[in-house]
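Analysis of the macromolecular model
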Amino acid sequence: MLGIFPWFVLCLRFSLVLALGGLFLCWVLSIPNQRQLSLINRNMVVFYGSQTGTAEEFCGRLAKDAQRYGMSGMSADLEENDMSELPRLVEIDNSLAVFCMATYGEGDPTDNAQDFYDWMQETDEELNRVNFAVFGLGNKTYEHFNAMGKYTDKRLEELGGRRIYDLGMGDDDGNLEEDFVSWKEQFWPAVCEHFGVEATGDDTSIRQYELVFPTDINMNKVYTGEMGRLKSFETQKPPFDAKNPYLATVAVNRQLNQAGDRHLMHLELDISGSQIRYDSGDHVAVYPMNDVSIVNRIGQILDADLDTVISLNNLDEESNKKHPFPCPTTYRTALTHYLDITNPPRTNVLFELAQYATDPKDQDILRKMASASPEGKGLYQSWVLDAQRNILAVLEDMPSLHPAIDHLCELLPRLQARYYSIASSGKVYSNMVSICAVVVEFQTSTGRSFKGVATNWLKNKVVVTDNGHKATVPMYVRKSQFRLPFKASNPVVMIGLGTGIAPFMGFLQERGWMKEQGKDVGETILYFGCRHRNQDFMYQQELEEFEKVGVLTQLNVAFSRDQEEKVYVQHLLKKNNEHLWKLIHTDNAHIYICGDARNMARDVQNAFYDIAEEVGGLTHTQAVVYIKKLMTKGRYAQDVWS
């Protein structure tokens, strides 16, 4: 036991195996030292496939909970581990592999789970007696709800794994937090029964990190907002990715609408000299900053010197996650660049914070909201989620709650990059990436103003500041499968709602460029939906110019609220049903949908079912199969969100 378990952990850590090789492995196996002892009983590994950080956060919570159930857990990034070593998990007593698997896009694995997905598809490894459980994170408004969770659960069983608890399926369109808490409440009793262990009954807070005040501080070694390498924003080096974003200057920031109560904006980010390349349909990820006023107010309430240099160091020395965010840094930097202080806090945060409330009633309320009881779930839904209370609002509305700021920083999730469909073509604008977005701002039921982190931050990015400096945005490009057809002669039908127009601006620019190259370009049709012609008809002049020069064969716009009876894009599709069916069935047209997943994408899909039935003469069942085949062939693509 003393030798086998450390060996497994080292094998799992792919980078460590490559770096140290067999000699170090033999040394660990043969020498009974303190490092070896500290790894004993690490019998639960929780792997995450995460795109926005939620699956990673759930993973950390499960690994931390393990201590309360007589197990020792560790959270592990699928991308950083050699999953071919998974079968060796059986060599550890009472071992368990848990997978928190998010589904990205149209049933795809997240970026960090791609290699694991490929391995599952190709491997013939036997996972006999490997104990596993899976929790999936998805959204029911998408066609392939929880596809990665379902596939992982099914495939691990096919390979011989032993499922110890049912697949959990979280729905982000409903209440993902509630789904996870409910699953977790049943998962742990199943674990206890399977392994014959008992819960310790200890519900006290378990700190994962210790607060350290660095001595002899060299400010050149203090992180100021970098995602990975220290000083990476001062000395930029390609390639640029999630851990090494490019600091692009803002070349254009203009409002797209002149009327209405919403702010629609178009930004252009200069990527000259970055070596960043992108295709029409790709996404740009930007790292925003939190509102300075919220940061300052949190510091004021907690009586904290926000400019104190600190480091939060993992108490588990063997963990590959040494800090919750780049350290050393200051509280101000952590709250501004690294922590999510705007979204409503999850239940585990409320549970941990309860100990700091001096009023017993506040303690009870916080713990109740963190429970799986129907009353607690209802209270969390109404008091936190429906009221959109962020951590500042919680602190303000519970005056007896005065947590240690370092513990709060440990508990809050990471501030994640925001993704936008690129509104330009890399072939036409190789040195520029365009963003189209609506500024999110509304009044909550508590009378507070809720402001979207990224859109409000971008809105205030003036091209040149008062002191003459150019505004910058940390960004990188994420590849997409949302692609124009390989043959330019194929017709394309684009359907977008609101900011869903973004990728189609890139498509139109590229189709125009192809025409200039003398290529035979097929019909290019756009169906665009917005509320009012004079308020949110984005890129109206550009679109009308594309139509005038023949790049855009047909421009169809549905202004839903300009008349008594609402008109949507699906209504316009049905009006042109015969022409659309010819394009799809005879001319090999490609269909693209971008925008709202909850209503628009579903309604548009139903409209195509109707067209296949009414014009194509298919039964409803045949129509559904027909459209599904188009999806499989890549001729019906969606870039949607809820």
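Throughout this document, residue positions are counted from 1 along each chain, in the order its sequence is written. With the structure being a predicted model, the display of local features is reserved for residues of pLDDT at least 70 and the display and counting of side-chain atom pairs for 80 or more, all residues being used for whole-chain, interface and lining totals. Hydrogens and water molecules were not included; the side-chain quantities draw on all heavy atoms of the structure.

As a reminder of what qualifies: UniProt positions are given in the numbering used here, feature names are shortened, and annotations may be inferred rather than shown by experiment.
In the nomenclature of an unreviewed UniProt entry, the chain is known as NADPH--cytochrome P450 reductase of Salmo trutta. The UniProt entry for the chain carries the following text under Subcellular location (unreviewed entry): "Endoplasmic reticulum membrane".

**Concerning the sheet that holds strand β14 (residues 418–421)**
This is how it is decided: Between any two strands, at least two bridges found by DSSP are needed for them to pair. Put simply, DSSP marks the helices as runs of H or I at least four residues long and the strands as runs of E at least two long, and each gets a number from the N terminus on. Lines fitted to C-alpha atoms define the axes, with helix axes restricted to the stretch in contact, and inter-axis angles between N-to-C directions lie between 0 and 180 degrees.
The strand order across the open sheet built from six strands is β14-β11-β18-β9-β10-β15, with neighbouring strands paired in antiparallel fashion. One side of each edge strand has no neighbouring strand; the edge strands of this open sheet are β14 and β15 (432–438). With strand direction ignored, the average angle separating the axes of adjacent strands in the sheet is 40 degrees. With four bridges connecting them, strand β11 (residues 283–286) and β14 associate as antiparallel partners. Opposite His 283, over in β14, you have Ser 421 as the bridge partner.

**A word on the pattern of salt bridges**
Opposite charge on two side chains permits them to pair, given that their charged atoms come into close proximity. Short version of the rule: Salt bridge, as used here: a side-chain nitrogen of Lys or Arg that lies within 4 Å of a carboxyl oxygen of Asp or Glu. Per-residue accessibility, obtained with a 1.4 Å probe over protein chains only, is compared with the maximum for each type, and a residue is labelled buried under 20%, exposed over 50%, and partly exposed between these values.
By the definition in use, this model includes 37 salt bridges. Measuring nitrogen to oxygen at the nearest pair gives 2.8 Å for the salt bridge that ties Asp 397 to Arg 389. With a relative accessible area of 31%, Asp 397 lands in the partly exposed category. Close ionic contact of Lys 427 with Glu 510 constitutes a salt bridge, the shortest N to O distance being 3.5 Å.

**Quick notes on the domain arrangement of the chain**
Our working rule: All domain edges in this entry derive from an automatic or database-based domain assignment. Residue contacts are counted whenever heavy atoms from the two residues lie within 4.5 Å of one another. Once two parts are joined, some of their accessible surface, as seen by a 1.4 Å probe, is lost; buried area is that loss totalled over both.
By domain assignment, the chain separates into domain 1 (32–195), domain 2 (239–288 + 417–480), domain 3 (290–411) and domain 4 (492–640). One C-alpha centre belongs to domain 1, the other to domain 4, and the line joining them spans 39 Å. On the domain 4 side, the residues contacting the five residues of domain 1 number seven residues. Among the residues domain 1 hides against domain 4, the three largest losses belong to Glu 106, Thr 141 and Glu 143. Together they make up 67% of the total.

**Considering the sheet that holds strand β23 (residues 636–641)**
Backbone-to-backbone hydrogen bonds join strands into a sheet, with any given pair of strands oriented parallel or antiparallel. On the basis of which strands lie adjacent, the open sheet formed by five strands has the order β21-β20-β19-β22-β23 and parallel pairing. Edge positions in the sheet fall to β21 (554–559) and β23, since each of these pairs with one other strand and no more. The mean inter-strand angle of the sheet, taken between neighbouring strand axes irrespective of direction, is 10 degrees. Strands β19 (492–497), β20 (524–530), β21 and β22 (590–596) of the sheet are contacted by helix α20 (residues 577–585), whose axis makes an angle of about 130 degrees with β20.

**Remarks on the state of the cysteines**
Quick reminder of the rule: Throughout, disulfides are identified as pairs of cysteine sulfur atoms within 2.5 Å of each other.
With the rule as written, the count across this model stands at zero disulfides. Just so you know, Cys 327 is unpaired, no disulfide at all, and the nearest cysteine sulfur is the one on Cys 409, 9.2 Å from it. A residue is classified by how much of its surface remains accessible, and Cys 327, at 8% relative accessible area, is buried. With no disulfide of its own, Cys 530 lies closest to Cys 436 among cysteine sulfurs, the gap being 11 Å.

**Re the nonpolar core**
Keep this limit in mind: What is meant by a nonpolar core is a set of buried Ala, Val, Leu, Ile, Met, Phe, Trp, Tyr and Cys residues, joined one to another through side-chain atoms within 4.5 Å.
One finds Ile 298, Leu 335 and Ile 341 to be the most contacted residues of the largest nonpolar core, which totals 44 residues. Only α8 (292–301), β12 (309–314), α9 (331–338), α10 (347–353), α11 (360–369), α12 (374–386), α13 (391–397) and α14 (405–411) provide two or more residues apiece to this core. Formed jointly, this core draws a minimum of three residues from each of two domains, domain 2 (239–288 + 417–480) and domain 3 (290–411). If sequence neighbours within four positions are ignored, Ile 341 has contacts with Asn 290, Ile 294, Val 295, Ile 298, Leu 335, Asn 390, Ile 391 and Leu 412.

**Some details on the UniProt feature "domain: Flavodoxin-like" (unreviewed entry) in the chain**
Within this structure's numbering, the places UniProt gives as "domain: Flavodoxin-like" (unreviewed entry) are residues 44–188. Structurally, residues 44–188 is divided into 32% helix and 25% strand, and its ends, taken at the C-alpha atoms, are 12 Å apart.

**A look at the packing of aromatic side chains**
Our working definition: Pairing of aromatic rings covers Phe, Tyr and Trp, the last counted by its six-membered ring, and requires centre-to-centre distances within 6.5 Å; plane angles under 30 degrees mean stacked, over 60 mean edge-to-face, and any other angle means tilted. Counting as a charge over the ring demands two things of the Lys NZ or Arg CZ atom: a distance within 6 Å of the ring centre and an angle within 35 degrees of the ring normal.
Under the definition given, this model contains 25 aromatic pairs. On the numbers, 6.1 Å between centres and 65 degrees between planes, the contact of Phe 58 with Phe 135 is edge-to-face. Of this pair, Phe 58 sits in helix α4 (residues 54–65) while Phe 135 sits in strand β5 (residues 131–138), and the two are 77 residues apart along the sequence. Across this residue pair, the class does not change: Phe 58 and Phe 135 are buried. When the centroid spacing of 5.7 Å and the interplanar angle of 20 degrees are considered together, the rings of Phe 482 and Phe 507 count as stacked. Highlighted residues: Phe 482 in the loop between β18 (472–478) and β19 and Phe 507 in helix α16 (residues 502–516), separated in sequence by 25 residues. One exposure class covers both Phe 482 and Phe 507, and it is buried. Here the aromatic cluster, defined as three or more aromatic residues joined through ring pairs, consists of Phe 58, Tyr 69, Phe 135, Tyr 165, Phe 180, Trp 183, Phe 187 and Trp 188. One residue, Arg 389, lies across the ring of Trp 383, its end atom 4.1 Å from the ring centre. The ring of Tyr 419 has Arg 478 sitting right over it, with the charged end atom 3.7 Å from the ring centre.

**Some thoughts on the packing of α16 against helix α18 (residues 540–548)**
Our working definition: An angle counts as roughly parallel when it lies under 35 degrees, as roughly antiparallel when it exceeds 145, as roughly perpendicular when it falls between 65 and 115, and as oblique in every other case. When the near helix sits turned anticlockwise from the far one by under a right angle, the crossing is termed left-handed; a clockwise turn instead gives a right-handed crossing. Amino acids outside the nonpolar list (Ala, Val, Leu, Ile, Met, Phe, Trp, Tyr, Cys, Pro) and the charged list (Asp, Glu, Lys, Arg) are all regarded as polar, and Gly is one of them.
Between α16 and α18, the least distance of the axes is 11 Å, while the angle of their chain directions is 30 degrees. The orientation of α16 relative to α18 falls into the category roughly parallel. Pair α16 / α18 crosses with left-handed handedness. Along the contact surface, α16 presents Met 505, Leu 508 and Gln 509, while α18 presents Glu 542, Leu 543 and Phe 546. Taken together, the residues that form the contact of α16 with α18 break down as four nonpolar, one polar and one charged.

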